[in-house]
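Below are the chains, spelled out letter by letter.
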Amino acid sequence: MGHEIHSSNKVAVIIFCLDKIIIVVEVNKVADTWQEGVKRVKGIEYPLNAEKVGFNPPCVMLKKCVDCSSIERVCNSLSIIEDNH
């Protein structure tokens, strides 16, 4: 099984092409603070994304990121982009 899902290709595009990208986000995924956003990503999104692609790192069973070293880890990249515009 390939692990292309771990390539962080979306993160790279956002970082290096920030002036040319539009990010569409569901309202239920917007957090009041970046800390709450990170908590949501680690507690909900990482486990769901791993399970969705058929991987079974510890977060799938525990329903939260435990910063594991599993080859099936899907949380290899996390970027915080702040803009006051």
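Residues numbered from 1 in each chain as written. Predicted model: local features only at pLDDT ≥ 70, side-chain atom pairs only at ≥ 80, totals over all residues. Heavy atoms only, no water.

**Q** Looking at this structure, I do not really get the overall build of the chain. What am I missing?
**A** Of regular secondary structure, the chain possesses 3 helices and 0 strands. Secondary structure elements of the chain, listed N to C terminal, follow the sequence α-α-α. Looking at the chain residue by residue over its 85 residues, the buried ones come to 19%. Counting only contacts in the chain whose residues sit at least 6 apart along the sequence, the fraction spanning at least 24 positions is 44%. Of the roughly 6800 Å² of accessible surface on the chain, a fraction of 57% belongs to carbon and sulfur atoms. (Helix = DSSP H or I, 4+ residues; strand = E, 2+ residues; numbered from the N terminus. Buried < 20%, exposed > 50% of the residue type's maximum accessible area, 1.4 Å probe, protein only. Contact = heavy atoms within 4.5 Å. Areas by Shrake-Rupley, 256 points an atom, 1.4 Å probe, with all protein chains shown as cover.)

**Q** What's the story with empty space enclosed by the protein in this structure? I'm lost.
**A** Picture a little ball the size of a water molecule; that probe, rolled over the atoms, points out where space is still empty. A complete count under the given rule lists 1 cavity of 30 Å³ or more for this structure. There is about 30 Å³ of room inside the largest cavity. Every residue along the wall of the largest cavity is listed here: Tyr-46, Cys-59, Cys-65, Val-66, Asp-67, Cys-68 and Cys-75. Taken together, the residues of the lining of the largest cavity break down into 6 nonpolar, no polar and 1 charged. (1 Å grid on protein atoms, 1.4 Å probe; cavity = no way out; pocket = protein on both sides within 12 Å on 5 of 7 lines; lining within 4 Å. Points joined across faces, edges and corners; volume = space filled by probe spheres on them. Nonpolar A, V, L, I, M, F, W, Y, C, P; charged D, E, K, R; others polar.)

**Q** Would you take a moment to explain the environment of Met-61 for this structure?
**A** Here Met-61 shows up in helix α3 (residues 58-62). Classification of Met-61 as exposed rests on a relative accessible area of 68%.

**Q** Before we go on, may I ask you to explain the side chain of Arg-73 in this structure?
**A** Inspection of the secondary structure assignment puts Arg-73 in the segment after α3. A distance of 3.0 Å separates the side chain of Arg-73 from the side chain of Asp-67, its partner in a polar contact. Polar contacts involving the side chain of Arg-73 include one to the main-chain carbonyl oxygen of Cys-75, which spans 3.2 Å. (Polar contact = N/O pair within 3.5 Å; in protein donor to acceptor, adjacent residues only side chain to side chain.)

**Q** Hey, could you run me through the environment of Cys-65 in this one?
**A** With respect to the helices and strands, Cys-65 occurs in the segment after α3. Under the relative-accessibility criterion, Cys-65 is labelled buried at 19%. Sequence spacing of Cys-65 and Pro-47 is 18 residues, and the spatial spacing of their C-alpha atoms is 6.9 Å. Residues within four places of Cys-65 in sequence aside, it is in contact with Lys-42, Tyr-46, Cys-59 and Cys-75.

**Q** Any chance you could explain the nonpolar core here in plain terms?
**A** Side chains of nonpolar character tend, in soluble globular proteins, to be buried together. Listed in full, the 5 residues of the largest apolar core are Ala-50, Phe-55, Cys-59, Val-60 and Val-74. Among residues more than four places away in sequence, those in contact with Cys-59 are Tyr-46, Pro-47, Ala-50, Lys-64 and Cys-65. (Core = buried A, V, L, I, M, F, W, Y, C linked by side-chain atoms within 4.5 Å.)

Spatial relationships are all this shows, so hold off on functional conclusions.
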